[in-house]
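Results of the structural survey
Here are the chains, one letter per residue:
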Amino acid sequence: MTQAQSLVSIRPVHGRETTALQVLSLLLISLIVGSMFGIWRGYDPATFSPTTFVEVHQGAVHGLNILLPAMALVCILTVVALAWLGRGMPQSLWLYIAAAVAMVAAGMITHFGNQPINAVIMTWGSVPPDGWQMIRDTWWNWHLARLAAGIAGELLLIAAIFTHRG
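By the definition in use, this model includes 7 aromatic pairs. With a centroid separation of 6.1 Å and an interplanar angle of 90°, the aromatic rings of Y43 and W139 are classed as edge-to-face. Of this pair, Y43 sits in the loop between α2 (16-42) and α3 (50-64) while W139 sits in helix α6 (residues 132-165), and the two are 96 residues apart along the sequence. Here Y43 matches W139 in class, with each residue buried. Clustering of aromatic rings is evident, with ring pairs tying together Y43, F48, W139 and W140. The ring centre of W84 lies 3.9 Å from the NZ or CZ of R87, which sits over that ring. Directly above the ring of W132 sits R136, whose terminal nitrogen or CZ lies 5.0 Å from the centroid.

Printed below as a string of structure tokens:
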């Protein structure tokens, strides 16, 4: 066996399915985290008038409240599949698992932190009720927490894929 053949034989084998799952998971998490980042950078609700806050928030909920969680679920499932495919490579396996855990954390924050507040805000008319700023600020804090979890998940996924690919 030549040295080149020896090097090829110790590299992990990548099938089309693995590569497709890696591309899909990276695409999905990039879209999701990019959306969260865009909201953080371009949607500071503390700078909006009460009416603008309600209109913008309700519009965002209409457009994203089903789409992003659905994309996140598919992403988590692809990362779990990648962990299964990487089970013979402990470092990749644990990075995939950590990425999935971070993504699940972002999803739990969304489900139990942001979405209940979204449901309340969706009942508001164009003028929010007294004390609305506290609700707005609580939503924002949950958003920052899920953004941090999402970024961690994306970084861990990238590391897992680089490790998996050798």
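Next, the rest of the story.
The subject of this paragraph is the pattern of salt bridges. Taken as a whole and judged by the stated rule, the model has 1 salt bridge. Here D137 ties to R136 by a salt bridge, and the two come within 2.9 Å at their closest N and O atoms.

On to the nonpolar core. Of all hydrophobic cores here, the largest spans 22 residues; its most connected members are I29, I32, C75, V79, Y96, M103 and L157. Within the residue set of this core, elements represented by two or more residues are α2, α4 (67-85), α5 (90-121) and α6. Ranked by the residues each element gives to this core, the list is headed by α4, at 7 residues. Excluding residues within four positions of it along the chain, I29 makes contact with G34, C75, M103, G150, G153, E154 and L157. Core analysis: the second largest hydrophobic core is formed by 10 residues, Y43, I117, W124 and W132 among them.

With 15 residues, α3 extends 21 Å from end C-alpha to end C-alpha; this agrees with the ideal 21 Å at 1.5 Å per step. Along α3, the residues that are buried comprise F53, V54, H57, Q58 and V61. Along the axis of α3, the buried positions cluster into a sector of 115°, meaning they face one direction only. Every exposed residue of α3 that faces more than 90 degrees away from the buried side is listed here: E55 and H62. Contacts from the buried residues of α3 go to α5 and α6.

Residue position: S25 is located in helix α2. Contacts of S25, omitting those with residues within four sequence positions, involve C75, T78, V79, L82, L157 and I161.

Here we come to the side chain of H143. Summarising the element assignment, H143 is placed in helix α6. Residue H143 is classed as buried on the basis of its relative accessible area of 0%. When near neighbours in sequence (up to four residues on either side) are disregarded, H143 contacts M36, I39, W40 and N114.

Conventions used here
Residues numbered from 1 in each chain as written. Predicted model: local features only at pLDDT ≥ 70, side-chain atom pairs only at ≥ 80, totals over all residues. Heavy atoms only, no water. Phe/Tyr/Trp six-rings, centres within 6.5 Å; stacked < 30°, edge-to-face > 60°. Helix = DSSP H or I, 4+ residues; strand = E, 2+ residues; numbered from the N terminus. Buried < 20%, exposed > 50% of the residue type's maximum accessible area, 1.4 Å probe, protein only. Lys NZ or Arg CZ within 6 Å of the ring centre and 35° of its normal. Salt bridge = Lys/Arg side-chain N within 4 Å of Asp/Glu carboxyl O. Core = buried A, V, L, I, M, F, W, Y, C linked by side-chain atoms within 4.5 Å. Contact = heavy atoms within 4.5 Å. Expected span 1.5 Å × (residues − 1). Arc of directions from axis to C-beta.

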